[in-house]
Protein chains: 2
Amino acid sequence: MPTQTHSYAAHAADKPLEHWQFERRDPRPDDVSIEILYCGVCHSDLHFAKNDWGFTEFPIVPGHEIVGRVTAVGAEVKNYAEGDLVGVGCMVDSCRECEACNDGLEQYCLNGFTMTYGSEDRHDATMTQGGYSNFVVVSERFVVKMPDGIDLKSAAPLLCAGITTYSPLKHYGVKAGHKVGVIGMGGLGHMGVKLAQAMGAEVTLFTRSQSKVEEAKSNGADHVVVSTDEDQMAAVAETFDFMLDTVPVAHDLNPYLNCLRYDGTHILVGVMDPIEPPVTGMNLIFKRRVVGGSLIGGMPETQEVLDFCAKNDITCDVEMINIDTINDAFDRMKAGDVRYRFVIDMESLKQKAA
Amino acid sequence: MPTQTHSYAAHAADKPLEHWQFERRDPRPDDVSIEILYCGVCHSDLHFAKNDWGFTEFPIVPGHEIVGRVTAVGAEVKNYAEGDLVGVGCMVDSCRECEACNDGLEQYCLNGFTMTYGSEDRHDATMTQGGYSNFVVVSERFVVKMPDGIDLKSAAPLLCAGITTYSPLKHYGVKAGHKVGVIGMGGLGHMGVKLAQAMGAEVTLFTRSQSKVEEAKSNGADHVVVSTDEDQMAAVAETFDFMLDTVPVAHDLNPYLNCLRYDGTHILVGVMDPIEPPVTGMNLIFKRRVVGGSLIGGMPETQEVLDFCAKNDITCDVEMINIDTINDAFDRMKAGDVRYRFVIDMESLKQKAA
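The sections below set out a description of the structure shown in this document. From a predicted model like this one, the values you see are computed outputs, not experimental measurements.

Residues and elements named next belong to chain B. Their axes nearest at 8 Å, the elements helix α4 (residues 161-171) and helix α5 (residues 187-198) cross at an angle of 50°. Relative to α5, α4 is oriented oblique. For the element pair α4 and α5, the recorded crossing hand is right-handed. In this structure, α4 contributes Ala161, Gly162, Thr164, Thr165, Tyr166 and Leu169 to the contact, and α5 contributes Gly187, Leu188, Met191, Gly192, Leu195 and Ala196. Here the residues of the contact of α4 with α5 are counted per class, giving seven nonpolar, five polar and no charged.

So, in structure tokens, the structure goes:
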């Protein structure tokens, strides 16, 4: 029997999120039914709710940084049992048979992955709905275990902000001793600093604002460079092995490319379209530098980042909110007024559900 | 005693190249003195002669695809002897002590490499002069051996066009079975096709012109795609592991990026500044694609490409010219009327020297 689910949904681009009830699908044999405890608030939630990218189907329940407790499992589920603490990130399905899926890179599924919310379900063609909710049903393959001892509240953002920065640092080869620059001090940037440091890198935070220097240092950056200060930029020219660029709006990559050594890598994880002003070809050719992208991470790596963070005592800095303040949180997030991630305590939804 | 050298030099940006005599430096202990037999004509020779990049110091003798015979060696020279057939490419010196030099990547020398022509000599502050000449003196480290049996005339362009395409194919990891696209069918492009094929890749030549399809196939491309044909481009979407982009003028990378699989690599070897229209961030992020540059190759790899070509019976397609037709050759090269490299037979300089 379908489960009645209480959520906060956007019903139109110009409307605030409001309480909405809908029926979750009947669990399938490979499904894990999850009572949601916490859900992080990602900037893309806001983009979806406002239909900034033009493909939102309303009503939509955002939320893809989900931590919860298993309430039931389907007959074919092998790795989870009632009571387990689990997470769900940005994906809830993929074709499961292409080369990318077979490599555990479901985010690059050749047939397109199913987003946690706002995608058409591959089986029943309903729209998937996210974690601003008390309940979610997800196929086992797209569920991860919360490691023992991890702080559940601050772990929620690891499922998007954490994996989005961890995966490229690993993939592009950050190792102990490397010099890594992190551009931007938001939800992704502050995770990038912590993760790169835990990998043994020497980490420099690049910020446009002098006012963020102390904040960056208190967050553990070894060094801070004010990117608008030409002298500071010149002083670090050709010294970095990697740049992790988390800035999600158009900006000039060339001054940062100039900070990379030969064979240096500039990694884009913040979606910016197009890259303007354009990259200078000489900046790539004359030093064999590369500009590469990266999108979240596959399921094995999503488990890996949780385990890595538990082992290295890394958490995301969060501000807990109640779900009925989500619209204010959106406004504050848009204004950059969050250090560094809002997380919704889903206990606050219980009065609605009562 | 300095050697009197006969050359063809540009004396100003608006003047044709003409015969010029100057004194080569006295050989140093690590120097190899070389009688030049053949010299390839690279597009950058034209750029230098016309001062297109704004830093030419006149008079300048172009030419960095030099094949010759050793006439004398300095006391410290270990690997060459009088009579050896040798080559000189785009570099004649570097700091020899930085990390890049120690890695055999002299082209990325942290202190800047010395170009074969148009650079200030590190020791005596004279300007280096290139291979449109009967004689050159080069430090042993920047000399390569011509492998036994290689055709000397058609080997000359391997020292620039060959290494410039070989080095990135190796560095970025082209292996047997990979699908490689080569963009542009000029001096670099036709070498890229041959080299990638010899590495075991399946090679597709991308050209803007239907008229070049047969030419590309007769040059050994497994497939040809006319890049202005949207249907042809759509048919190969997301199928390539690598693109080797040899086009030296601004063009849109996005349609080619769309032809790359996830984790695909777009390699720039033709200097184009800036990259306009700009690259779309999503084209990189959503498939973890990279855009990377590459500049010629280091000295060990320059020897390697010669040996590889000798072993695999690869040559550059050349049209031999006499040096007194160099200005016509420049005009024809500018018009794209060369298949695919002019090579100067330096025997034709002897009448001047007589």
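So, next bit.
On to the interface of chain A and chain B, then. Listed as interface residues are 39 residues of chain A and, on the opposing side, 39 residues of chain B. Approximately 3,400 Å² of surface area, both sides summed, lies buried where chain A meets chain B, with 63% of it carried by carbon and sulfur atoms. Area buried by chain A at its contact with chain B is led by A:Tyr262, A:Ile285 and A:Arg288, which between them contribute 24% of it. Linking chain A to chain B there are two salt bridges. For A:Glu99, the salt bridge identified is with B:Arg261, shortest N-O distance 3.0 Å. If you look at where chain A meets chain B, you find 16 residue pairs in polar contact (both at pLDDT 80 or more).

Relative to the elements of secondary structure, A:Thr3 occurs in strand β1 (residues 3-9). For A:Thr3, the contacting residues outside a window of four places in its chain are A:Phe22, A:Glu23, A:Arg24 and A:Phe135.

Quick look at the side chain of B:Gln107 now. Residues and elements named next belong to chain B. Secondary-structure assignment places glutamine 107 in the loop between α2 (99-102) and β7 (114-115). Within the structure, the side chain of glutamine 107 is placed 3.1 Å from the backbone nitrogen of glycine 298, a separation counted as a polar contact. Beyond its immediate chain neighbours, meaning those up to four positions away, glutamine 107 contacts Met91, Phe113, Leu295, Ile296, Gly297 and Gly298.

Criteria and thresholds
Residues numbered from 1 in each chain as written. Chains lettered and ligands numbered in written order. Predicted model: local features only at pLDDT ≥ 70, side-chain atom pairs only at ≥ 80, totals over all residues. Heavy atoms only, no water. Axes fitted to C-alpha atoms, helices over the stretch in contact; angles between N-to-C directions. Helix = DSSP H or I, 4+ residues; strand = E, 2+ residues; numbered from the N terminus. Parallel < 35°, antiparallel > 145°, perpendicular 65-115°, else oblique. Left-handed = near helix turned anticlockwise from the far one by under 90°. Contact = heavy atoms within 4.5 Å. Nonpolar A, V, L, I, M, F, W, Y, C, P; charged D, E, K, R; others polar. Buried area = accessible area lost by both parts, 1.4 Å probe. Salt bridge = Lys/Arg side-chain N within 4 Å of Asp/Glu carboxyl O. Polar contact = N/O pair within 3.5 Å; in protein donor to acceptor, adjacent residues only side chain to side chain.

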